[in-house]
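As a plain string of letters, each chain reads:
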Amino acid sequence: MSEKIIIGSRESRLAVIQSEMVRQYIQKNNPGLDVEILTMKTTGDKILNQSLEKIGGKGLFVKELDAALMDGRSDLSVHSLKDVPMELPEDLPLIAYSAREDVRDALILPEGAAEIDFSKPVGCSSRRRMLQFAQLYPQAVFAPIRGNVQTRLRKLDSGEFGATILAAAGLKRLGLEHRISRYFTTEEMIPAAGQGILAVQGRAGEDYSYLSGYSDEAAAICAKAERAFVHALGGNCSTPVAAYAQVMNMGKNLQPDLQPAVRFDLQPDKQSDELLILRLDAFYFDEETGKVCRGSRTGSILSPEKVGEAVAHSFM
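Residues numbered from 1 in each chain as written. Predicted model: local features only at pLDDT ≥ 70, side-chain atom pairs only at ≥ 80, totals over all residues. Heavy atoms only, no water.

**Brief notes about the sheet that holds strand β7 (residues 142-143)**
Judged by pairing direction, the sheet is mixed, and its 5 strands sit side by side in the order β7-β6-β8-β5-β9 without closing on themselves. Either end of the sheet is taken by a strand with one partner, and the two such strands are β7 and β9 (180-183). In terms of strand pairing, strand β6 (residues 122-123) meets strand β8 (residues 163-167) through 2 bridges, oriented parallel. From the neighbouring strand, Val-122 faces β8, where its bridge partner is Ala-163. This element, helix α5 (residues 127-136), spans β5 (105-108), β6, β7 and β8 of the sheet and lies at about 120° to β8. Across the sheet, helix α6 (residues 149-157) touches β5 and β8, and the angle it forms with β8 is around 165°. (Pairing = 2+ DSSP bridges. Helix = DSSP H or I, 4+ residues; strand = E, 2+ residues; numbered from the N terminus. Contact = heavy atoms within 4.5 Å. Axes fitted to C-alpha atoms, helices over the stretch in contact; angles between N-to-C directions.)

Written out as structure tokens, the structure reads:
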């Protein structure tokens, strides 16, 4: 193992904060290691005047980071899991998942506003969010909004939009929780697969023992179910699809919306696996037929991919 670890990160403030969270964990648990963050601007960060669907999807946010991993400029990458493509190179696997932050989407209004001004468009580039938001507010019209969180807030506050929708997890990590006007429950707006979870990506065959203890088992189980659902539908990070998995104990959610980043032990000697179930709630918009599908299913925490695939097949 090298005595110096390089973490690859997008250069946005949120991405650096998230990479710093992993860096601090590594340094705290491996005092002899020197850990640095290598930032870079990705293709997805550079092209802001076109929709992601038109320029290649959210995979453009990881393209340069993957290249740095491949050629050895970095040892691992930190991503928001919801931005990670469903298809990954075999030699660049996901090696750890953080405990999940607040999974919900949030409504953001211009500073000083008390309610949505529907004479202006809602700034949103996610079809998943637009479709679910329109069910709550049929009078809403939308206009695309791109850029990092701070850029979007500046556009909102300048009067371009009547509101926007962002992930609560990112706002909280940025210390911007005060900008949230309301949270959408996961029933009102099912989140993107992987929302609120940080994914650590590395090279196959490398020694990542310095990350020992970082990965949260419940988050990993939920992530695998959610991503299997999207993958089974042939979707990607830009497809209007949503998935939210929860590990539950006899029907009680162990990771409720209002208690983010809850860790619990799934080891059989401490908590019987027989008492734990996995529930997946999902949403899918069939672009060919215009049909909106919503559904849920429970299953074993030992087979999260099967739970995700089962919900997907029920939509086909």
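**Let's talk about the confidence of the model for the chain**
Of all residues in the chain, 84% attain a pLDDT of 70 or more, and the chain-wide mean is 87. This model gives residues 46-52 a pLDDT under 50, and the stretch forms 13 contacts once residues within four places in sequence are excluded. (pLDDT = per-residue confidence, 0-100.)

**A look at the layout of surface pockets**
There is about 330 Å³ of room inside the second largest pocket. Those elements that place two or more of their residues in the lining of the second largest pocket are β4 (94-97), α8 (217-232) and α9 (304-315). Grouping the constituent residues of the lining of the second largest pocket by class yields 9 nonpolar, 1 polar and 6 charged. (1 Å grid on protein atoms, 1.4 Å probe; cavity = no way out; pocket = protein on both sides within 12 Å on 5 of 7 lines; lining within 4 Å. Points joined across faces, edges and corners; volume = space filled by probe spheres on them. Nonpolar A, V, L, I, M, F, W, Y, C, P; charged D, E, K, R; others polar.)

**Notes on the nonpolar core**
Formed by 24 residues in total, the largest nonpolar core has its most connected members in Phe-229, Leu-233, Val-247, Leu-278, Leu-280, Tyr-284 and Phe-315. Breaking this core down by element, the ones donating at least two residues are α8, β11 (241-249), β13 (276-285) and α9. Counting residues per element, this core draws most heavily on α8, which supplies 6 residues. Grouped together as the second largest cluster of nonpolar side chains are 16 residues, Val-35, Ala-96, Leu-198 and Tyr-208 included. (Core = buried A, V, L, I, M, F, W, Y, C linked by side-chain atoms within 4.5 Å. Buried < 20%, exposed > 50% of the residue type's maximum accessible area, 1.4 Å probe, protein only.)

**A closer look at the packing of aromatic side chains**
Applying the stated rule across the entire model yields 7 aromatic pairs. Judged by centre distance (5.8 Å) and plane angle (75°), the ring pair of Phe-133 and Phe-142 falls under edge-to-face. Note on Phe-133: relative accessible area 0%, which makes it buried. Ring geometry for Phe-133 versus Phe-184: centroids 6.0 Å apart, planes at 80°, classification edge-to-face. Remark: Phe-184 occurs in the loop between β9 and β10 (198-201) and Phe-133 occurs in helix α5; sequence separation between them is 51 residues. Here the aromatic residues Phe-118, Phe-133, Tyr-137, Phe-142 and Phe-184 are joined through ring pairs into a cluster of three or more. Sitting above the plane of the Tyr-183 ring, Arg-104 keeps its charged end 3.9 Å from the centroid. (Phe/Tyr/Trp six-rings, centres within 6.5 Å; stacked < 30°, edge-to-face > 60°. Lys NZ or Arg CZ within 6 Å of the ring centre and 35° of its normal.)

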